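# Topology and contacts: notes
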Amino acid sequence: MARDPHAQTSSHVAEKLHTKSLTPYILRLAPTIMTDFNIILFMCNWGPHAAFQALQDRSAEIPDEIKMVRIPCAGRISKALLLRCFEMGAHGVALVGCRAGSCRYGAGSSNAEDHVADARGILRLLGLGKERLRLATFLPDEPEQLLSFLRDFSREIASMGSGPVPPSAERQVPAEAPDRVREILAAHDVYACQDCGKCSSACPLTLAGKPFSPRAIANEVIAGHIHFPDVQRDIWACLTCGLCYDRCPSGVDFAAFIRDLRHYLTTRGDPACVAHGGFFQSLMRTMTCNNLRPRHWDWLPKDIETDPDSRVLFFGGCAPYFDVFFRTHLGVRTRDILVDGLRLLNFFDIHPALLMDERCCGHDLLWSGDRDNFLKLARLNVEAIRDRGIEQLITACPECYHTLATDYPREGIELGFKVTHLFDLIEKEVDKGAVSFKKLDRRLTFQDPCRMSRFENRPDLPRKLIGRLEPLSFTEMPDHGASAICCGNSAWVGCDAFSKALQVRRIRQAHGTGSDLLVTACPKCQIHLRCAMEDPFLGEELNIEIMDLTSVLAKTIEWE
Amino acid sequence: MTKTGAAGRRQEIVFTGFGGQGIILAGRILGKAAVLGDHRESTLVQAYGPEARGGACSAQVIIADQAIHYPYVRRPDILACMSQAGFDKFIGQMKQGGTLLIDKDLVQPKGFSGDYFSIPSSRMAEELGRVMMANIIMLGFFTAVTGTVSVDAARDAVMKSVPKGTEEMNANAFNKGCDYGVAVLKGREKKAKGKTGA
């Protein structure tokens, strides 16, 4: 019986896919897939795909390097997916959708426009160049236009060269270390848990009604159930705000325990459950490329005085990226915190150096299980800062501060420079005297940043500065200082309806103080609490102005 | 000792306040700093008498590059007041355009129309834990604002003049006053350029 050639081929491939011979098969393919010139083309199923098929039907010469991915709607390609292509080493990405007005689902074309505009902003800051990402729209009867777009785009990308991000290799899953979980349990002395329940009675997620309990996770992991899906879900739901550690009579650092469990899970190849489609983790992983030259400070107002030869460095943090990402969503302006921080330094005649190609400190990678890339970033950062001969690093971000000052040395990375929080420096300078603060016609309350008030155990630092201000009033919320409730999220992990509920609770506490200005000290607190205020049902009721303490100080400080 | 000739600088200084504030000690430290640290000439006249038991008291210091033949101060170039009574008594003697330094909380410069420098030295000393260190804070402020003696010389003289075991506390107080003075000068400079805020 003659064998069907197609059947033979597919069984041949199936055999390769299901046996150990798969590895050499991929390795043989790898050079062509991974290292060649690569353009990813996301192509909407409707209008443009019809045009694309017309090209295929007449065997038009579509450039080889274009790898087409057919998608149901261009509007569904999130910023995270667009960035992920670049993280994996794509040289160019084109999102091709339907012409405005011809979208089958209505909002697809305008969504695609927003996503591409934001992602291009991010690429520009990252130093990859916004030109590498393009949006184009076509009607079904425009195959010629589509072809010339593809050829032009391919030529443009070719002229730009391959870019700094190398193609990512297949991730190696390390051999299972059977004792790793036990090591983590022992390292944090989780066995000391007495199952007393003080953690669950304080956990903001539990109090928001989520069936979640820190001690239950501890018990399950001790019982060897780490691979149960609901245990893993809880490991990724934890806010790592550290309130349970504050309450634990046995001193079990639960947040650090969760951090290490996440690392264990991701090294095993279990997927990380992260918010925003993993956009921010993707962004930070892209920054681990040695050759990347981000353009972190391009946007800085001209009147800010800096000195490239200074031994003092101002480390800004990721605020510029946040503002681009949340541009259409929350309208946050967290980079104002950086400008105001620099203005405060200038006020005291401190003209710091800036790393023009500053990278992320890596906080979010560390807390979402990617320790390897965190360490890469940390080494790159420390090397860059040391090369500049920096003696003191100043930052206004509590996460950067905690990560640089505490986590880097804990992870074995020697700094060779001093890390100072901006508030410490301002407090010291203001304490010298001859400086006062203008009357502020507002009633204030304060949202503690977990990394400063709990992890660094310094809830008094921002309060000292608030005490120097001249507002109408300053009233604490019922839960404050080391007992403060989380802003609802950390490291872009674990955002759900319950974290929203706890944010609502927090904002209501702020309103309960009779204040009209909620002062924060972390850009992420601002983003998360603003997000809660976008609630369509509660929006107006929750609305309260938010301003970072750095900005409040900069706006009211004056020489006596 | 270096002599710079007849044209050398000469400044007359009066420290005044309540008896017990350490006014005389401040004057003595100032003179020591000038002589031992900056290698210049200095004299001190202390106001003894009933006023030194709680009333207005004063220390008259002269610092000059050449030998001082007459140690009494008639027209002070610099007047540092830590009590209202001291201000009232000495302000009339101060030279036209002289520098006035006062404790912000203890002295109201009534009837004085010129520019002056003020520091809440007693309040700062209370915050440091000992109100009796107000004189050293004032001395630090005096050093930073007037530049009559060098900061290092003044700090050394403080360390050598205070009771054993209180050196660190007094160095702290001196630095507080000095920092305040530097901040005041910087603030004035910024204001002159029209930059008041951040």
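Rules used in this analysis
Residues numbered from 1 in each chain as written. Chains lettered and ligands numbered in written order. Predicted model: local features only at pLDDT ≥ 70, side-chain atom pairs only at ≥ 80, totals over all residues. Helix = DSSP H or I, 4+ residues; strand = E, 2+ residues; numbered from the N terminus. Rg over C-alpha atoms; globule rule 2.2 N^0.38 Å. Buried ≥ 20, exposed ≤ 12 C-beta atoms within 10 Å, placed from the backbone. Contact = placed C-beta atoms within 7 Å. Core = buried A, V, L, I, M, F, W, Y, C linked by C-beta atoms within 7 Å. Domains from an automatic or database assignment. Pairing = 2+ DSSP bridges. Axes fitted to C-alpha atoms, helices over the stretch in contact; angles between N-to-C directions.

A count of helices and strands for chain B gives 6 helices and 6 strands. For chain B, the N- to C-terminal ordering of α and β elements is β-α-β-β-β-α-β-β-α-α-α-α. Against the 2.2 N^0.38 benchmark of 16 Å for 198 residues, chain B shows a C-alpha radius of gyration of 16 Å, consistent with a compact globule. Overall size of chain B, expressed as C-alpha extent along the three principal axes, is 50 × 40 × 35 Å. Scored against the burial criterion, the 198 residues of chain B give a buried share of 46%. If you take every contact in chain B between residues at least 6 apart in sequence, the share linking residues at least 24 apart comes to 63%.

What follows deals with the overall build of chain A. Of the regular secondary structure elements, chain A holds 26 helices and 13 strands. Taking 560 residues into account, the globule formula puts the C-alpha radius of gyration at 24 Å, and chain A, at 26 Å, falls close to it. Seen through its C-alpha atoms, chain A measures out along the principal axes to roughly 90 × 60 × 50 Å. In chain A, which comprises 560 residues, the proportion classed as buried is 46%.

Counting 217 residues, the largest nonpolar core has A:L95, A:V96, A:I122, B:M138, B:L139 and B:F141 as its most contacted members. No other element matches the 9 residues that helix α4 (residues 134-146) of chain B contributes to this core. With residues near it in sequence (within four places) discarded, B:L139 still touches B:A26, B:I29, B:L30, B:A154, B:V158, B:F174 and B:G177.

Before going further, it helps to examine the domain arrangement of chain A. Examined at the domain level, chain A breaks down into domain 1 (37-160), domain 2 (180-267), domain 3 (282-428) and domain 4 (431-559). Placing the centre of domain 1 of chain A and that of domain 4 of chain A at their C-alpha centroids yields a distance of 42 Å.

Further remarks concern the sheet that holds strand β1 (residues 10-18) of chain B. Residue and element names in this part refer to chain B. What the 6 strands build is an open sheet, ordered β2-β3-β1-β4-β5-β6; its pairing is mixed. Lying at the two open borders of the sheet, with one neighbouring strand each, are β2 (41-46) and β6 (116-119). Pairs of neighbouring strands in the sheet enclose a mean axial angle of 15°, with direction left out of account. Where strand β5 (residues 99-103) and β6 come together, 4 bridges link them in parallel fashion. Among the inter-strand pairings, I102 is bridged to a residue of β6, identified as S118. Set on the sheet, helix α1 (residues 23-37) makes contact with β1, β2 and β3 (56-64); between it and β3 the angle comes to about 5°.

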